Amino acid sequence: MTPKEIAQVQAYLRNRFSNNRIALVPRASKNDSVEVMLDDEFLGVIFRDDEDGEVCYQFNMTVLDIDLEAL
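Residues numbered from 1 in each chain as written. Predicted model: local features only at pLDDT ≥ 70, side-chain atom pairs only at ≥ 80, totals over all residues. Heavy atoms only, no water.

Participant: Lay out the nonpolar core with the relevant residues and their values.
Facilitator: Of all hydrophobic cores here, the largest spans nine residues; its members are Met1, Ile6, Val9, Leu13, Ile22, Leu24, Val34, Val36 and Ile46. Among the secondary structure elements, those contributing two or more residues to this core are α1 (3-16), β1 (22-26) and β2 (33-38). With three residues, the top contributor of residues to this core is α1. Residues in contact with Met1, not counting those within four places in the same chain, are Ile6, Val9, Asn31, Asp32, Ser33, Val34, Ile46, Arg48 and Tyr57. (Core = buried A, V, L, I, M, F, W, Y, C linked by side-chain atoms within 4.5 Å. Buried < 20%, exposed > 50% of the residue type's maximum accessible area, 1.4 Å probe, protein only. Helix = DSSP H or I, 4+ residues; strand = E, 2+ residues; numbered from the N terminus. Contact = heavy atoms within 4.5 Å.)

Participant: Kindly report on a nonpolar patch on the surface, identifying the contributing residues and their values.
Facilitator: There is a patch of nonpolar side chains on the surface, built from Phe59, Met61, Val63, Leu68 and Leu71 and spanning about 570 Å² of accessible area. Secondary-structure assignment places Leu71 in the segment after α2 (65-69). On the basis of relative accessibility, which here comes to 86%, the residue Leu71 falls in the exposed class. (Patch = residues over 30% accessible without salt bridge, like charges linked within 9 Å, V, L, I, M, F, W, Y side chains within 5 Å. Areas by Shrake-Rupley, 256 points an atom, 1.4 Å probe, with all protein chains shown as cover. Salt bridge = Lys/Arg side-chain N within 4 Å of Asp/Glu carboxyl O.)

Participant: Explain α1 to me, using residue names and the numbers behind them.
Facilitator: With 14 residues, α1 should reach 20 Å at 1.5 Å per residue; the first-to-last C-alpha distance of 20 Å fits that figure. Among all positions in α1, only Glu5, Ile6, Val9, Gln10 and Leu13 are buried. Buried residues in α1, looked at end-on, bunch into an arc of 125°, giving them a common side. In α1, the exposed positions angled more than 90 degrees off the buried face are occupied by Pro3, Lys4 and Asn15. (Expected span 1.5 Å × (residues − 1). Arc of directions from axis to C-beta.)

What follows is the structure, encoded as structure tokens:
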């Protein structure tokens, strides 16, 4: 993802969830995705998908069962 795309998707997420603590961080060895962080906590990965000339961004987040037990 380009720096411009990262900034646009980050702005979208911050606006959508009303949370300016969301940050997108480029991955060291990948250029098609970024890590989604909330403060210092890893939330998931956003992948850029360019198929048939249409671009979309897919957010992949895993919730562990042990995290659910803490509620």
